Every structure is written in structure tokens, then in C-alpha cells.
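Now for the letters of each chain:
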Amino acid sequence: MNSALQRQLRRSAKRTSLYIVLVGILFIIIFPIFFLFSFSFMSDYETYSEWPKPLVPSFKADFKIDKDTEGYHLYIFNKSENDFMPFGPLFFSNSEKDVSNLRKFIKLQANSKITDQKIEEYLRIVDKESKVEFSVRKDLLANYILFFQVINGAARAVLNSLMVAGATVVIALTIGGMGGYAFARYFFKGKNLLKLSVLFVRMFPAVSLAIPMVIILARMGLYDRPLGLSLVYSVGQISMSIWITASVFMSIPISLEEAAMIFGTTRVGAFWHVTLPLALPGLAACAMYSFIGSWNEVIAAVVLTQFNPTFPVVVYKALVGSQGQINLITAGSVAQAVPAIIFTLIIRKYIIQMWGGVKV
Amino acid sequence: MATLELVDLAKRFSKKVWGVRKMDLDVNEKEFIVLLGPSGCGKTTTMRMVAGLEEVTRGTIHLDGKDITDIPPRDRGISMVFQNYAIWPHMTVFDNIAFSLKLKKMPKAEIRQRVQETADMVKIGELLKRLPGQLSGGQQQRVALARALAVKPKLFLMDEPLSNLDAKLRVVMRTELKAIHQQTEATSIFVTHDQSEAMSMADRIVIMKDGEIIQIGTPDDVYFRSANMFVAGFIGTPPTNFFNIRCSVDGEEISLKHSNFKLVLPLKDFSELDAYNGKELVVGVRPEDIAVDSSDKALFTNKVLVVEPQGSHQVVALKLNDAIVKTIVSADQSVKPGDSIGFNFNLKRLHFFNMETENRIKTASEI
Amino acid sequence: MRITKPQLSLSRDNRKKMVPYLLIAPVIIYYTIFWLFPVLNAIVESFRDVDGIWTLGNYIYIFKDPVFYTALFDTAFLVIFSVTIEFVLAFGLALLINTKFKGSSIFLFLAMIPMALPAVAVGAMWSSGLATRGWLNSFLMHAGIIDDASKILFLAGGEMSRLWLIIIIDAWTVIPFVMIILLAGLQGIGADVREAGYIFGGTKFQVLRKITIPMLKPTITTAMILRIISAIQIWLIIVMLFGFNRLPTLLEQIVLNYDELGAASFERIGLALSVIVAIIVSATAILYLKVSGSFEKKKEQEVE
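Just so we're clear, the structure is a prediction, and the values are computed from it rather than from any experiment.

Undergrad: When you look at the overall build of chain B in this model, what are you seeing that I'm missing?
TA: Along the backbone of chain B there are eight helices and 21 strands. Reported as C-alpha extents along the three principal axes, the dimensions of chain B are approximately 80 × 45 × 35 Å. Buried positions account for 38% of the 367 residues belonging to chain B.

Structure below.
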């Protein structure tokens, strides 16, 4: 039928335009993240000597060695020039072949690993045929390893971050969870006011709170200690936890608890045996949310740490202080971002559920 | 007032899931049509396609001869009462009812008059300034009704509008809806899964199952001349009792043998059964057509399993072999569980069904 | 015994009433120690000088400082434009996802990623992208849109271009968050009220304006207030892209005074600035609630 055909055409036109819009949006979202990841796999040479910079990291580096009267010359293939370019100032005469120096240079500049024997083998070929071309596989994770080697205390900072986040999760989930249960099951005075605490605590800049907090924490002997930082993070995370756990507990019908009480347990027993197991996935989501919150936090941490910085502080200082090169910093950022992204995607259902229950 | 024609209408949700497989229906002017069926039968999908809320996969919809298959809901000249009322909580009752009139740019005085009229008709004339949150479920239902009536639609759609009301209010609203229909004479389509609702309100009932029409007919048609075992079992409470029977023709008589009884009928009244000589078929008997017979002419005698008093009558359940058989017995008859009682069938009200196809075998004895 | 019995049941009743207060007591205590106390401390200290003498000097210093007014303007500019743009785009996105097209859950999944990115990762991403020899110019060259001579100097523009750059980056980061809040609100509104809107004569736009948005209002208010509060406090991305004092905002000035300049007298100016910021934040939030009519609605409900 004609109208049916028209309808189908109209529908497919509509769908096509919808998906074009969607692809456009996804492009805008994914595009910068893609480069963040891409840079983190690039060698110094790719990031700094090729222009325009490559869009994707290569998996190998191509080299050429030739020989003239002065000695041996090393070249690397430059994709933007589409030719071999001189690589390093380093050429050596026949008498002093510092092979290990060459190996180190290749490793540092091109993230490629080659053995001394291989180099010597290639040099012999050069001797015979005056030049040699070879490619070496790139070590894609080199930046990540280097980041932790080069940046002082980066590994220690990850440990600090984990401890801060862990302590925050415990504090926020215990205190916030109790509050959330009260919200879900009882009416009490000041309930609405407390619900808005999430807003109130944000009204005073977190950075500014850090200043008096330094004094308080110092008095408690917790300044520049992971626990001290987590005490500060918990202020924000407790109010989030109240919101999330309240929505989690509300989704568990009170009749289930009542049934457990009729069948012989106390109110506390009913909570332990019925509500808590049912709430566990939601509480786990809440824990992950707090974890992400403190794992990502940098502002208060910058102020409140001195010799025991958290991981974000290290990356931040590397970025702002230009301690590291951009491919190293992106590697640090990705290392920090990946757990946060994974956790967020795991709990995305709960994030929506939580906000569904939040109204000013 | 309008006519509605559905031609070869179908809705496919995904490759494997059909909402409606095939639907042909002519609705006459002023008619009150009820779409009836179990959940998932496609009745709501059909209504949503008529309303324009669901795109049509195949087929056409004509309202008053005009093809409305592809035009948006607002231009169809329809109105609708939703199952959960769908009244807007942020608007007062007045604004809810006046919504479409305002969009049509009707003069203000006229809007006020029309809203008051319709609100009075459904008895919420006093509540116009309230917000829906302050109303009871029944009152919200009436707001939804008034909103739909205020449009003066060509076609009035109702999607299980009574299902959220308590049992008593539901019966009251049934009567009121019918009275409103008689007053407004709007062509109406009413979706429900409640067969007694359908029976009491419909001019014609469309019984659906698995996205297809099983039977279209007046309440009497579907009750007394059920097209197949599904309809016979679906319509009526308690449902029709079915007995598997072996048929044998013996001269001028047909005998129908069941493990507990044997019916002998004159062939001239049931000549259509001749074809089933020696075969099995199903006979359906409605509960009210099984009568207590304490004489020795009783067809069978059985122990009573359960008695359910209903006030005006009582439902007596028996266990015949493995099947439960329910009968309706007058209230003044004293029946107790465990009593052995004789029963007889009303032979003028027997329904015969083909065992394989489950379709009705028409007989000359039909009323 | 007979006399004590009713007393017993009364006290049990009282004990029951205590339960919620016992449950929220830790929250209150925690907030008092770790929020209220430092806040009060900050306020008090902002009115004292290094030697502990009461003074308005910190505030006078701020109000005499021309950078403060630049920071005020920049912050206001950022708040107005970034919150508006973010809201409009996020709302559009939420409406789109709420139509539940095929693949919408995967789309949502991907759209949420920016929300999870740590602030420093966002900083690293954009500073590596917007540098003159960053990935954005590289991409444009690979795509043949620009050549080496026409590289775009993203970070070298004037104040306005810097502000807009921050607005765009902030939008990229925050839209998923706003979208999630609005989507959660939309999912709480049944499809049938919108369908009723279409049946009773509404076009898509009319239904959106007269039904969806009014019903979504509590959610919209939540999202807007949260966004306004954090938009006023924007600084980290600015410092990561431009460094200090290139694009002054209120919070950037606080951090600069407190953390970078180091001296104790600057700390107190940081505190005074914080008090000013807190006042601005609360005033803006209350103003927003008032303008959007959220207070009136609450009153109405109380009257009921």
C-alpha cells in the first residue's frame, strides 16, 4: 500500500536522523577521551617530534642505521614527514660502539625495547651493506611504568588514595547508612532540613574549610595522614550516602521487615536478616560512589596534604608544575580515571535511582 | 457522532513480538464497543493505535470515512480516559478539564461554561479549584472522565478506566458511564479484562486473544453462542463447565457418553452432531444450566465438595473425576458439603465444541 | 504493678520515638565537628589579623583589590552562561534518552563517562588538546581543515575567549551529571500524562512546556541549585589550563591566597574571600528558589 510505504519511509528517515544526531553527540563525548588514552600510549618521539601529532599510537617504531666517515647514524621513521629522520645527536665511530647507550636512548625516546645483541647484529649488517632498516615493537605501557618511576612518590600516592578512599567509604557508609535508614523508615523533626544538608555543606567552599581543618586535624594528630583527609571527605560523602541509602532502603518494602518480625525476630534481627541482604547491592553501589568521590577529589587534598599526597594531587602537581611530559601525565590521568570509570558504569542504575528520589 | 473502521490493522513490536496480528472492525454510530480479553491480548495496543499513541505497522484506521492512520492524536477528534487517569497533578481540576479547550482557543466564557457543564455531569462541579492531589481515587477518575467529555469528541476511548477503583465504586461508575453514554451518544470504545464489566456495558463485545479477534457480538451472542471454548470459558462467572464426551448416533437418537453420565438427545434437534458419530467432542454447560434434580431422572449424582453462598444464589462445586464442576443453585435450597445430590442439564442450553479446533458446533437447538 | 504498667508502655513508646534521632545523631555530631566548627572558625578568623586582633582589614583589602572585581565578573559570567547552556543541552539529551530508542541504554552508558572522569584527567585531557601543538590542532590538520600556518591558538586568546573555553569544557564535563538528574526526574513522570497531553490537543512543544516541564520542576530546581553552587566555585580547570591569575575567579583567588602565596596574612584574606563566596552562593541559591517560585509552592502545601 502507498500509505504504508510512505509511513515506512518517514519512519526510517526519522530513525536515520536520530542516529546521526546520536553519533554526533557520542563523537563529542568520546573524542577528547580517546585522545587522553591515545596520548598515554605514545612515546616521547611521537608526542613531541611528529607534527601534526599522530591520532593513534603506533605499535612499533622503525629505525634506520647507516654509516659514513664520521661513524654510525641512527634514524627513526617519522610518520608526519613520511621519511626517516635523524634520531638523536648520537653517532659513534668504529672504535667506541656504546651499544647500551643507544639501547637506552631508543627505550626512553621511542618506548621500544631492543637488546644489545640485536643492535650489534644490525651494526654488523651496516658494516657489510652500509645501512640497515629494522623495526622494533613498542612497549605500549612504558609511560605507565615510567610515570611511577619518574614522578616521586606516585606509587606511594596510589596507596594513600586507596587508604583515604577506603576509610571514607567506611565512615560515609556507616554514618550515612544509619541516617539513610532513618530517612526511609521514620518521620522525625528536621528531616527536610537534614535532607538539604547536601546543599548546605557545599555552600561554603571546600577549599576554605581546609584551612581551619588543618588546625583541627593537627590537634587530632591526623594532619597529612590518610585518615585525616578521609574525615574531611566524609562531610560531603555522608550526605550523598544518606540520599543513596535512603532510596535503597525505600525500595525494600517495610512489609518484608514486618513479616520477619511476625515470624519471630526483633526489629534489629529483621534488619540484619532481611533488609540488609536485600540492600546489599545498593549499599555496594553507594560504597563505590563514595569511593569514586574521594578517589577523584583533588581540591581539598592539595591543601590538606604535604608529604603524603594522594594520587590526584601527584597528577595535578605534575600537570600544573610541568614536572612531566604530556604523555606521562596522560598516563597518570588514565591510571586514575580507569577505576573511576569502571565503578561509575557498574553503578549507573543506582545513580539514576538515587537522583529520582532527590527533590529540593 | 461517528463511525470507525479498522482494516487489517496490525502492530509488531519487534521481530518476534506482535501486539496485534490482524484486526478488522466496524464500529457503528453511537455504538458502545468493549474490547475484552486477557492481559497481553492486544486490546490496549489496538486502542492506542486508534488514539494515535502507537504507530501502526500495517493497515488503516478510518474515522467517519476519513483516513486517520497517520495523523497525530490531537487532530483525530478523539478523547481518552487513561487507566491511571493521567490527570496533570500541577493543574487544578478546572485547568485539567479546560486544557484542550484552551489549546483550541475557545473564548474564555465558553470554556468556563463547558467545564462547569461537564463537571456537573460527572458530579465534580464543586471541586474545580482543587488540585488532583487533594482528591480521592474516585474523584480523580471523574476528573479524567470530565476532561475527556469536555472535548465533545467524535470517538471516546476508555482504557480500563475502572480497574483502579474499589469493587463497589466500580459498579456505581459502570452505571454512570452507561448513562453518560446514553446522554452524549458518543461512539465509544472501552477496553477491559473484566467480563462482567463488558457484559453490563457493551452494545457489542470484541473478544481478543493473542492479538486477534476471537468473536464479535452482542453480550447475548458471546454468552449464549460463544464462538469457541476460549470464549465460553472466559465469559461468565463461574465459567462454563466442559465435559469430554463420546458421541454415537443410534437411529433417531444421539447418545453422548461421559464417564459419569450418558445424555440421550433427539437427532432432529442436533443433526449437526451426526458428523461426529463415533468421535469425541466437548460439551459445555453453564453453571446455571445445571439444576438440582432430586427425582430419579437425575443425569448424575455426585457429592458436593464446596458451597459458596452469594446471597442471591449459591455456587456449588462438585468434583467429577478430576475436574471441578460448578453449578448455581437457588439460595433457598439447603446444600451442604458432602451431600450427595442429583443434577440435570438444561438441554436447550448445551454448547458443543470440536475437540481439535475448540470451535463451536452450531446446532438447531440454539436460542 | 498496675500503676507502673502504663508508665512502662509510655517509656517504650518514647524509646521508639528516639530511634530515628539515635540513627541520625552521628550525622549531626559529625557535621558539627567537621563542618560547622571549621566554618565558624573560618568566619571568626576572617575578622582577625595575624596577631589575633579584631579587624575588617581582610575585607577592606579584598574590596580595594581590582582583581576581586575581575574575579567577580568572571565568576558571574561563567555561572550565567555555563549553567544555562548546560541545562538546555542536558535537558535535550535527557528527553532524547527518555524516548527509549533502540540502543538508548548503551548511549546512556557512554554518555556517563565524562561524569566519572577525575578533575585532573579532565585537565590533562584538555591541556594536551588545546595546546597549540595539541591533539585538537593535530586532528584538524589530519582532517585537512587547517594547515600548519593556520593553527588555532586556543589558550592564547583574550579574556572572553578564555571564559568561553572554560564554559565549553565545563559543559562537556558536567552535562552528563545534569542529564542524569533530569533523566531520573523524567523517568518518575509516567508516559501517560504526556500521552494525555497529545490526546487533548497538545503539540510536542506544548506538552513539553505545559506538562513535562511543570511536572519536572522540583527536579529542575535541584539540578539548577546544585549546578549554581558548583559553578560559582569553579577554579581547578582554570588553573590547570591557564595557571593562576590569568583568568581570576573567586575560588581561584581563594586558592591563590591560601595555597600559593603562602604567607599567613594571605591565608586570612583567603578566609575572608570564602565568607564572601559563601554569602554569594547562599544568596544566589535563595534568589533562584524565590524566582522559580519554589517557596510559594511549599507554602501552598503547608496550607493544605
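Undergrad: Looking at this structure, how should I read the pairing of strand E9 (residues 204–209) of chain B?
TA: The side chains of a regular strand alternate between both faces of the sheet. Residues and elements named next belong to chain B. As paired elements, strand E3 (residues 32–36) and E9 share four bridges and run parallel to each other. Paired with Leu 36 across the strands is Ile 207, a residue of E9. Here E9 folds back onto strand E10 (residues 212–217) in antiparallel fashion, the turn holding two residues, of which Asp 210 has a positive phi close to 50°.

Undergrad: Is there a simple way to think about the interface of chain C and chain B in this case?
TA: Many authors give the size of an interface as the accessible area that is lost as the parts come together. Counting residues at the interface gives 16 residues for chain C and 21 residues for chain B. Taken together, the elements giving at least two residues each to the side of chain C that touches chain B come down to helix H9 (191–199) and helix H10 (204–232) of chain C. Examining the composition of the side of chain C that touches chain B, we find that six residues originate from one element, H9(C), more than from any other. Residues that form the side of chain C that touches chain B fall into these classes: eight nonpolar, five polar and three charged.

Undergrad: Mind showing me how you'd approach the sheet that holds strand E14 (residues 280–285) of chain B here?
TA: Two pairing modes exist for strands in a sheet, parallel and antiparallel, and in both the strands are linked by backbone hydrogen bonds. Residues and elements named next belong to chain B. Read across the sheet, six strands follow the order E13-E12-E11-E14-E20-E21 without closing on themselves; strand pairing throughout is antiparallel. Two strands bound the open sheet, and with one partner strand each, they are strand E13 (262–266) and strand E21 (360–361). In this sheet, strand E20 (residues 351–354) lies alongside E14 in antiparallel orientation, the contact comprising four bridges. Within the sheet, the bridge partner assigned to Val 283 lies in E20 and is Phe 352.

Undergrad: I keep staring at the domain arrangement of chain A and nothing clicks. Help me out?
TA: Residues and elements named next belong to chain A. Per the domain assignment, the segments of chain A are domain 1 (2–40), domain 2 (58–140) and domain 3 (147–356). The centre of domain 1, based on its C-alpha atoms, is set 36 Å off from the matching centre of domain 3. On the domain 3 side, the residues contacting the four residues of domain 1 number six residues. Of the residues assigned to the side of domain 1 that touches domain 3, the class counts are three nonpolar, one polar and no charged.

Undergrad: What exactly am I supposed to notice about helix H4 (residues 137–150) of chain B here?
TA: Every α-helical turn comprises 3.6 residues, leaving residues that sit three or four positions apart pointing alike. Residues and elements named next belong to chain B. Across its 14 residues, H4 extends 20 Å between first and last C-alpha, which sits within 8% of the 20 Å expected from 1.5 Å per residue. Taken across its 14 residues, H4 has 11 buried, putting it largely inside the fold. Within the sequence span of H4, burial applies to Gln 140, Gln 141, Arg 142, Val 143, Ala 144, Leu 145, Ala 146, Arg 147, Ala 148, Leu 149 and Ala 150. Considering only its buried residues, H4 is in contact with strand E6 (78–81), helix H2 (93–103), helix H3 (108–121), strand E7 (155–159) and helix H5 (167–184). In the segment just after H4, Lys 152 is the residue with positive phi, at about 50°.

Undergrad: Can you help me understand unusual backbone geometry in this one?
TA: Of all residues except glycine, most have a negative phi; of all peptide bonds, most are trans. Cis rather than trans, the peptide bond between B:Thr237 and B:Pro238 has omega equal to -15°. Structurally, the position occupied by B:Pro238 is in the loop between helix H8 (229–234) and strand E11 (241–250). The phi dihedral of A:Asp224 is positive, around 60°, even though this residue is not glycine. Of note, A:Asp224 is situated in the loop between helix H9 (206–220) and helix H10 (226–250). Notably, B:Glu358 is not glycine yet its phi reads approximately 65°, a positive angle. Locating B:Glu358 in the fold gives a position in the loop between E20 and E21. Using a count of 16 C-beta atoms within 10 Å as the deciding quantity, one classes B:Glu358 as partly exposed.

Undergrad: I would appreciate a short explanation of the nonpolar core in the present structure.
TA: One broad trend across soluble globular proteins is that nonpolar side chains are buried collectively. If you look at the biggest cluster of nonpolar residues, it comprises 266 residues, and the most contacted ones within it are A:Val207, B:Val34, B:Leu157, C:Met179 and C:Leu182. For this core, the element with the highest residue contribution is helix H8 (residues 159–187) of chain C, accounting for 18 residues. Sequence-distant contacts of B:Leu157, that is, excluding residues within four places in its chain, are made with B:Met47, B:Val50, B:Ala51, B:Ile78, B:Met80 and B:Ile189. Of all hydrophobic cores here, the second largest spans 14 residues; its members include A:Ala61, A:Ile65, A:Phe77 and A:Tyr122.

Undergrad: Explain the sheet that holds strand E2 (residues 72–78) of chain A here, please?
TA: Residues and elements named next belong to chain A. Strand order in the open sheet made by the four strands is E3-E2-E1-E4, with antiparallel pairing throughout. A single partner strand is all that each edge strand has here, and the edge strands are strand E3 (83–86) and strand E4 (131–137). Each strand axis lies, on average, 35° off the axis of its neighbour in the sheet, ignoring direction. Summarising the sheet, E2 and E3 pair through four bridges and their orientation is antiparallel.

Undergrad: Explain the packing of H10(C) against helix H13 (residues 264–291) of chain C here, please?
TA: The angle between the axes and the distance between the axes are what describe a pair of packed helices. Residue and element names in this part refer to chain C. The interhelical angle for the contact between H10 and H13, taken along N-to-C directions, is 160°, at an axis separation of 10 Å. It follows from the interaxial angle that H10 and H13 lie roughly antiparallel. Considering how the two elements wind past one another, H10 and H13 form a crossing that is right-handed. Touching Thr 221, Met 224, Ile 225, Ile 228, Ile 229 and Ile 232 of H10 are Val 277, Ile 280, Val 281, Thr 284, Ala 285, Tyr 288 and Leu 289, all from H13. Residues belonging to the contact of H10 with H13 are distributed by class as follows: 11 nonpolar, two polar and no charged.

Undergrad: It is not clear to me how the domain arrangement of chain B should be interpreted in this structure. Could you clarify?
TA: Residues and elements named next belong to chain B. Taken as a whole, chain B is organised into domain 1 (4–234) and domain 2 (241–361). Spacing between the C-alpha centres of domain 1 and domain 2 amounts to 39 Å. Contacts between the two partners involve six residues from domain 1, matched on the other side by eight residues from domain 2. Looking at the side of domain 1 that touches domain 2 residue by residue, the class counts come to four nonpolar, two polar and no charged.

Undergrad: What exactly am I supposed to notice about the pairing of strand E16 (residues 300–309) of chain B here?
TA: Residue and element names in this part refer to chain B. Note: E16 against strand E19 (residues 340–345), four bridges, orientation antiparallel. When the bridges of E19 are listed, Lys 303 appears paired with Ser 340. Connecting E16 to the antiparallel partner strand E17 (residues 313–320) that follows it, the hairpin turn spans three residues, and Gly 311 within it adopts a positive phi of roughly 90°.

Undergrad: I tried to follow the environment of B:Thr192 on my own but got confused; where do I start?
TA: All names here are of chain B. On the secondary structure map, Thr 192 appears in strand E8 (residues 187–192). The sequence separation of Thr 192 and Leu 162 amounts to 30 residues, and the corresponding C-alpha distance is 8.5 Å. Filtering out sequence-adjacent residues up to four positions away, Thr 192 remains in contact with Val 34, Leu 36, Glu 160, Glu 197 and Ala 198.

Undergrad: Would you mind going over the environment of A:Trp295 with me for this structure?
TA: All names here are of chain A. One can find Trp 295 in helix H12 (residues 267–296). By the C-beta count within 10 Å, which is 26 here, Trp 295 ends up buried. Taking the C-alpha atoms as reference, Trp 295 lies 14 Å from Arg 156; in sequence the two are 139 residues apart. Those residues within four positions of Trp 295 in sequence are excluded, and the remaining contacts are Ser 161, Ala 165, Pro 339 and Ala 340.

Undergrad: Honestly, the interface of chain C and chain A in this entry has me stumped. Any pointers?
TA: Each partner contributes residues to the interface: chain C has 75 residues there, and chain A has 70 residues. The class makeup of the residues in the side of chain C that touches chain A is 53 nonpolar, 19 polar and three charged.

Undergrad: Teacher, can you tell me more about helix H7 (residues 135–142) of chain C here?
TA: All names here are of chain C. Where H7 is concerned, the buried positions are Trp 135, Asn 137 and Ser 138. Mapping the buried residues of H7 onto a view down its axis gives an arc of 160°, with all of them on the same face. Gly 144, located one to two residues past H7, shows a positive phi value of around 80°.

Undergrad: Could you clarify how one ought to interpret the packing of helix H3 (residues 66–98) of chain C against H8(C) in this entry?
TA: Residues and elements named next belong to chain C. Following both chains from N to C, one finds H3 and H8 inclined at 40°, their axes separated by 6 Å at the closest point. The orientation of H3 relative to H8 falls into the category oblique. Of the two possible hands of crossing, H3 and H8 adopt the one that is right-handed. When the residues that make up the contact of H3 with H8 are grouped by side-chain class, the tally is 22 nonpolar, three polar and three charged.

What counts and what doesn't
- Positions within a chain are numbered from 1, following the residues in the order the chain's sequence is written.
- By the order in which they are written, chains take letters starting at A while ligands take numbers starting at 1.
- The predicted origin of the model limits local features to residues at a pLDDT of at least 70 and limits the giving and counting of side-chain atom pairs to 80 or more, whereas totals for whole chains, interfaces and linings rest on all residues.
- Think of it this way: any DSSP run of H or I at least four residues long counts as a helix, any run of E at least two long counts as a strand, and we number them from the N terminus.
- Burial is judged by counting other C-beta atoms within 10 Å of a residue's own C-beta: 20 or more means buried, 12 or fewer means exposed, and anything between counts as partly exposed, with every C-beta placed from the backbone.
- DSSP-based pairing: two strands are paired if at least 2 bridges between them are found.
- Whether two residues are in contact is decided by their C-beta atoms, placed from the backbone, lying within 7 Å.
- Under the convention adopted here, Pro, Cys and the residues Ala, Val, Leu, Ile, Met, Phe, Trp and Tyr are nonpolar, Asp, Glu, Lys and Arg are charged, and Gly plus all remaining residues are polar.
- Domain borders in the structure are assigned automatically or taken from a domain database.
- Every helix has an expected span of 1.5 Å times one less than the residues it contains.
- Note on definitions: a nonpolar core is a set of buried residues drawn from Ala, Val, Leu, Ile, Met, Phe, Trp, Tyr and Cys, linked by C-beta atoms within 7 Å.
- To get an axis, fit a line to the C-alpha atoms, keeping to the stretch in contact for a helix; angles then go from 0 to 180 degrees between the N-to-C directions.
- Roughly parallel refers to an angle under 35 degrees, roughly antiparallel to one over 145, roughly perpendicular to one between 65 and 115, and oblique to any angle outside these ranges.
- Each crossing gets its hand from how the near helix is turned against the far one by less than a right angle, where anticlockwise is left-handed and clockwise is right-handed.
- The directions from the helix axis to the C-beta atoms form the arc being described.

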